[in-house]
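Take a look at the letters that make up each chain.
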Amino acid sequence: MVRASCNEVFMQKQNSLHNLGFLCVLATLFSLLLGSSTVQASEENPAPAPATATTTAPAEAAAEAQPAPKPDRNGYYVGGPVYVSDKNTVWTRSGPGEGYRVTGKREIGEQLTFRRYSDNGRYAQLADSEGKTFWMPLDTIQPNICGAPLVEQLQGTINDLQYRLDNYDNELAARLKEVEAQLSTLTQENTELKSTLTQRDATIEELDTLYRDASERLETKDLDMQMRWWMQGAIIAFCGAIAGVIFVFIPRPTRKQKRERY
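Residues numbered from 1 in each chain as written. Predicted model: local features only at pLDDT ≥ 70, side-chain atom pairs only at ≥ 80, totals over all residues. Heavy atoms only, no water.

Summing up its helical and strand segments, the protein chain has five helices and five strands in all. Moving toward the C terminus, one meets the helices and strands of the protein chain in the order α-α-β-β-β-β-β-α-α-α. The buried share among the 262 residues of the protein chain stands at 6%. Long-range contacts, defined here as pairs at least 24 residues apart, represent 24% of the contacts in the protein chain between residues at least 6 apart. Taken as a whole, the protein chain presents about 23900 Å² of accessible surface, with 59% of it coming from carbon and sulfur. (Helix = DSSP H or I, 4+ residues; strand = E, 2+ residues; numbered from the N terminus. Buried < 20%, exposed > 50% of the residue type's maximum accessible area, 1.4 Å probe, protein only. Contact = heavy atoms within 4.5 Å. Areas by Shrake-Rupley, 256 points an atom, 1.4 Å probe, with all protein chains shown as cover.)

Right under this line is the structure:
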């Protein structure tokens, strides 16, 4: 009986091996048939050309295909940027320390008036526009403008610059007209000054001519005076010479005649 059972087991294994071999043969034939059909299809329909450099990269296409993140009701989404809000407030206290009661709050950028430091140098006593005094930590204040007032100031500067940029052509045209008017005025004044200078030059030349004429006349007058003096001297000398000659030839009375006269 044991031999009969062993034979039955052997026969079952042999039948299973035959079936497995038959399945392997069928699989091989099927693969051969499939390969031949694929080769024929590739010969009839050649493969497309490779993509050029102008095609979009798969990564970029995938990134573009991803939908944009949807923020929640507060405007946040996972992986999105956030910033520290400028709507924060600073608490004020009745004294220089955390043990004093809170008296109110102040917005960032609000302008206050400094009064004095605390004894420990960590707090500062401040006053608002209404004169109310309170204490705030020293590291929460600064001497420079900040916050919303700074934004308003910068926005005003930007608006002013934008206005000046938009009206630059008109402003430039106005300046050009003003410069042209000034140039015309200066040209007219220059012409008048040149005319005045020409008149003064003519007057100076005329005065110079008169001065030369007067100098020449004065020199001639001096010469005339000298000639007159020389003539008068010569005449006097000539008359003296004649008188001397006459006195020389006049006969003198003798002593006898003198005695007879007396």
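Picking up where we left off.
Now for the packing of aromatic side chains. Counted according to the given criterion, the structure contains one aromatic pair. An angle of 65° between the planes, with centres 4.9 Å apart, marks the rings of Phe 114 and Tyr 117 as edge-to-face. Taking the relative accessible area as the measure of exposure, Phe 114 reaches 41% and is therefore partly exposed. (Phe/Tyr/Trp six-rings, centres within 6.5 Å; stacked < 30°, edge-to-face > 60°.)

The next subject is the nonpolar core. Counting residues in hydrophobic clusters, the biggest one holds five residues: Val 90, Ala 124, Leu 126, Phe 134 and Met 136. At the level of secondary structure, the elements contributing two or more residues to this core comprise β4 (123-127) and β5 (133-137). Contact partners of Leu 126, with chain neighbours within four places excluded, come to Leu 112, Thr 113, Phe 114, Arg 115, Lys 132, Thr 133, Phe 134, Met 136 and Ile 141. (Core = buried A, V, L, I, M, F, W, Y, C linked by side-chain atoms within 4.5 Å.)

One pass over the full model with this rule turns up five salt bridges. Here Glu 110 ties to Arg 106 by a salt bridge, and the two come within 3.0 Å at their closest N and O atoms. Judged by relative accessible area, which is 17%, Arg 106 ranks as buried. Close ionic contact of Lys 132 with Glu 130 constitutes a salt bridge, the shortest N to O distance being 3.7 Å. Through salt bridges that share partners, Arg 106, Glu 110 and Asp 128 make up one connected network. (Salt bridge = Lys/Arg side-chain N within 4 Å of Asp/Glu carboxyl O.)

Relative to the helices and strands, Asp 128 resides in the loop between β4 and β5. The exposure class assigned to Asp 128 is buried, which follows from its relative accessible area of 11%. Among the polar contacts listed, one links the side chain of Asp 128 to the side chain of Arg 106, at a separation of 3.1 Å. Residues within four places of Asp 128 in sequence aside, it is in contact with Arg 106, Leu 112 and Phe 134. (Polar contact = N/O pair within 3.5 Å; in protein donor to acceptor, adjacent residues only side chain to side chain.)

As a further point, take a negative patch on the surface. Negative charge collects at one region of the surface, where Asp 213, Glu 216, Glu 219, Asp 222 and Asp 224 lie side by side. Mapped onto the elements of the fold, Asp 213 is located in helix α4 (residues 168-249). (Patch = residues over 30% accessible without salt bridge, like charges linked within 9 Å, V, L, I, M, F, W, Y side chains within 5 Å. Lys, Arg positive; Asp, Glu negative; His and termini not counted. Charge placed at Lys NZ, Arg CZ, Asp CG, Glu CD.)

Let us look at the environment of Arg 106. Looking at the element boundaries, Arg 106 is found in strand β2 (residues 102-107). Counting along the chain gives 15 residues from Arg 106 to Trp 91, while the straight-line C-alpha distance between them is 6.4 Å. Ignoring anything within four residues of it in the chain, the contact list for Arg 106 reads Thr 89, Val 90, Thr 92, Leu 112, Asp 128, Phe 134 and Met 136. Looking at Arg 106, its side chain comes within polar contact range of the side chain of Glu 110, at 3.0 Å.

Most of β4 sits out of view: five of its five residues are buried. Of the two faces of β4, the one holding Tyr 123, Gln 125 and Ala 127 and the one holding Ala 124 and Leu 126 are both buried throughout. Following strand β3 (residues 113-117), the chain reverses through five residues before pairing antiparallel with β4; Gly 121 in that reversal takes a positive phi of roughly 75°. Strand direction decides the pairing type here: β4 and β5, joined by five bridges, are antiparallel. Bridge assignment links Ala 127 to a residue of β5, and that residue is Thr 133. (Pairing = 2+ DSSP bridges.)

Before going further, it helps to examine the side chain of Ser 118. By the secondary structure assignment, Ser 118 is in the loop between β3 and β4. Polar side-chain contacts of Ser 118 include one of 2.5 Å to the side chain of Asn 120. Setting aside anything within four residues of it in sequence, one finds Ser 118 in contact with Pro 96, Tyr 123 and Trp 135.

Next up on the list: the layout of surface pockets. Of the voids in this model, the largest pocket is the one considered here, and its volume is about 550 Å³. Here the residues of the lining of the largest pocket sort into 11 nonpolar, six polar and three charged. (1 Å grid on protein atoms, 1.4 Å probe; cavity = no way out; pocket = protein on both sides within 12 Å on 5 of 7 lines; lining within 4 Å. Points joined across faces, edges and corners; volume = space filled by probe spheres on them. Nonpolar A, V, L, I, M, F, W, Y, C, P; charged D, E, K, R; others polar.)

Looking now at the confidence of the model for the protein chain. For the protein chain, the mean per-residue pLDDT works out to 77, and 69% of the residues sit at or above 70. Of the regions scoring below 50 in pLDDT, residues 1-7 engages in zero contacts with residues more than four places distant in sequence or in other chains. Across residues 38-56, where pLDDT falls below 50, the model places one contact with residues more than four positions away in sequence or in other chains. (pLDDT = per-residue confidence, 0-100.)

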